[in-house]
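The primary structure of each chain is shown beneath.
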Amino acid sequence: MEDFRRLRIGQGMDVHAFAEGRRLVLGGVDVPHTRGLLGHSDADVLAHAVADALLGAVRGGDIGKLFPDTDPAFKDADSLVLLEKVAQFVRDEGYEILDVDSVIAAQAPKLSPYRDQMRENLARAMGVAVENVGVKATTTEHLGFEGREEGISATATCLCARCR
Ligand code: MG
């Protein structure tokens, strides 16, 4: 029972809008598409949702607080590097990352061919095993901003354990 009390859950959510002339980076994978996502960093909506889930579990604020989009240091930043820093912060706070699951909501492009590469990238950045990272993708049946292909959203959930 004592061990269960060390568990913390975290939830993260992010949205980025499509824009012309941008790369589409999801979970560190450059996905071929006609447009990419707009953002100060590489706009990796999945990596951002996962990072916010981790921060949620340790009550560590959010990535907007850690990496302000007004800071030129994070312009076009590789979000996997940001995720790596967040995972290190989580460990420094005395927590272990146990398990992460996530969902990308995008009408297009088709993401299933890239899912395993995304899992590997996210796992490497967080320093956990691939089997502890889930990535799923869904369309929204043409409903909402994702369905109208105005943008992509991602949500993530994680389980962390307090080690000290
Ligand atoms: Mg973001």
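See the structure printed just above.
A brief look at the structure comes next. (Residues numbered from 1 in each chain as written. Predicted model: local features only at pLDDT ≥ 70, side-chain atom pairs only at ≥ 80, totals over all residues. Heavy atoms only, no water.)

Some points on the nonpolar core
Thinking step 1. Grouped together as the largest cluster of nonpolar side chains are 47 residues, with contacts concentrated most on Leu 26, Leu 54, Ile 97, Met 118, Leu 122, Met 126 and Ile 152.
Thinking step 2. For this core, the leading source of residues is helix 1 (residues 45-57), giving 10 residues. (Core = buried A, V, L, I, M, F, W, Y, C linked by side-chain atoms within 4.5 Å. Buried < 20%, exposed > 50% of the residue type's maximum accessible area, 1.4 Å probe, protein only. Helix = DSSP H or I, 4+ residues; strand = E, 2+ residues; numbered from the N terminus.)

Concerning helix 3 (residues 79-92)
Thinking step 1. With 14 residues, helix 3 ought to run about 20 Å at 1.5 Å a step, and its terminal C-alpha atoms sit 20 Å apart, in line with that.
Thinking step 2. Of the surrounding secondary structure, the elements contacted by the buried residues of helix 3 are helix 1, helix 2 (63-66), strand 5 (95-105), helix 4 (115-126) and strand 7 (151-162).
Thinking step 3. Two or three places before Leu 80, at the start of helix 3, stands the capping residue Asp 78, its side-chain oxygen 2.9 Å from that residue's backbone nitrogen.
Thinking step 4. Within two residues after helix 3, Gly 94 carries a phi angle of roughly 95°, on the positive side. (Expected span 1.5 Å × (residues − 1). Contact = heavy atoms within 4.5 Å. Polar contact = N/O pair within 3.5 Å; in protein donor to acceptor, adjacent residues only side chain to side chain.)

Some remarks on the packing of helix 1 against helix 4
Thinking step 1. Between helix 1 and helix 4, whose axes approach to 12 Å, the crossing angle comes to 40°. Viewed along their axes, helix 1 and helix 4 adopt a mutual orientation that is oblique. Once helix 1 is placed against helix 4, the crossing between them reads as right-handed. Across the interface between the two elements, Leu 46, Ala 47, Val 50 and Leu 54 from helix 1 touch Met 118, Leu 122 and Met 126 from helix 4. (Axes fitted to C-alpha atoms, helices over the stretch in contact; angles between N-to-C directions. Parallel < 35°, antiparallel > 145°, perpendicular 65-115°, else oblique. Left-handed = near helix turned anticlockwise from the far one by under 90°.)

Some remarks on the side chain of His 16
Thinking step 1. With respect to the element layout, His 16 can be found in strand 1 (residues 7-19).
Thinking step 2. Look at His 16 and you get buried, because its relative accessible area is 13%.
Thinking step 3. Among the polar contacts listed, one links the side chain of His 16 to the side chain of His 48, at a separation of 3.3 Å.

Some words on the packing of helix 3 against helix 4
Thinking step 1. Axis separation between helix 3 and helix 4 bottoms out at 7 Å; the angle between their running directions is 45°. Between helix 3 and helix 4, the angle is such that the two are oblique. Across the interface between the two elements, Leu 80, Leu 83, Glu 84, Ala 87 and Arg 91 from helix 3 touch Asn 121, Leu 122, Ala 125 and Met 126 from helix 4.
Thinking step 2. A per-class count over the contact of helix 3 with helix 4 returns 6 nonpolar, 1 polar and 2 charged. (Nonpolar A, V, L, I, M, F, W, Y, C, P; charged D, E, K, R; others polar.)

Things to note about the pairing of strand 7
Thinking step 1. Sheet topology note: the strand 1/strand 7 ladder contains 11 bridges and is antiparallel. Note on strand 7: the bridge partner recorded for Arg 8 is Cys 160.
Thinking step 2. Relative to strand 7, strand 5 is paired through 10 bridges, and the arrangement is antiparallel. By the bridge assignment for strand 7, Ile 97 is matched with Cys 160. (Pairing = 2+ DSSP bridges.)

Quick notes on the coordination of the magnesium ion
Thinking step 1. Taken together, the protein donors to the magnesium ion comprise Asp 14 (OD), His 16 (NE2) and His 48 (ND1), at separations of 2.2 to 2.3 Å.
Thinking step 2. Each donor residue of the magnesium ion lies on one chain, and together they are spaced D-x1-H-x31-H. Here His 48 lies in helix 1 and His 16 lies in strand 1, a separation of 32 residues in the sequence.
Thinking step 3. Judged by relative accessible area, His 48 falls into the buried class, the value being 9%. (Donors = N, O, S within 2.8 Å, 3.2 Å for Na, K, Ca; no water.)

A few points about the environment of His 142
Thinking step 1. Within the secondary structure layout, His 142 lies in the loop between strand 6 (136-138) and helix 5 (144-147).
Thinking step 2. For His 142, a relative accessible area of 55% corresponds to the exposed category.
Thinking step 3. Counting along the chain gives 36 residues from His 142 to Ala 106, while the straight-line C-alpha distance between them is 9.3 Å.
Thinking step 4. Contact partners of His 142, with chain neighbours within four places excluded, come to Gln 107, Gly 147 and Arg 148.

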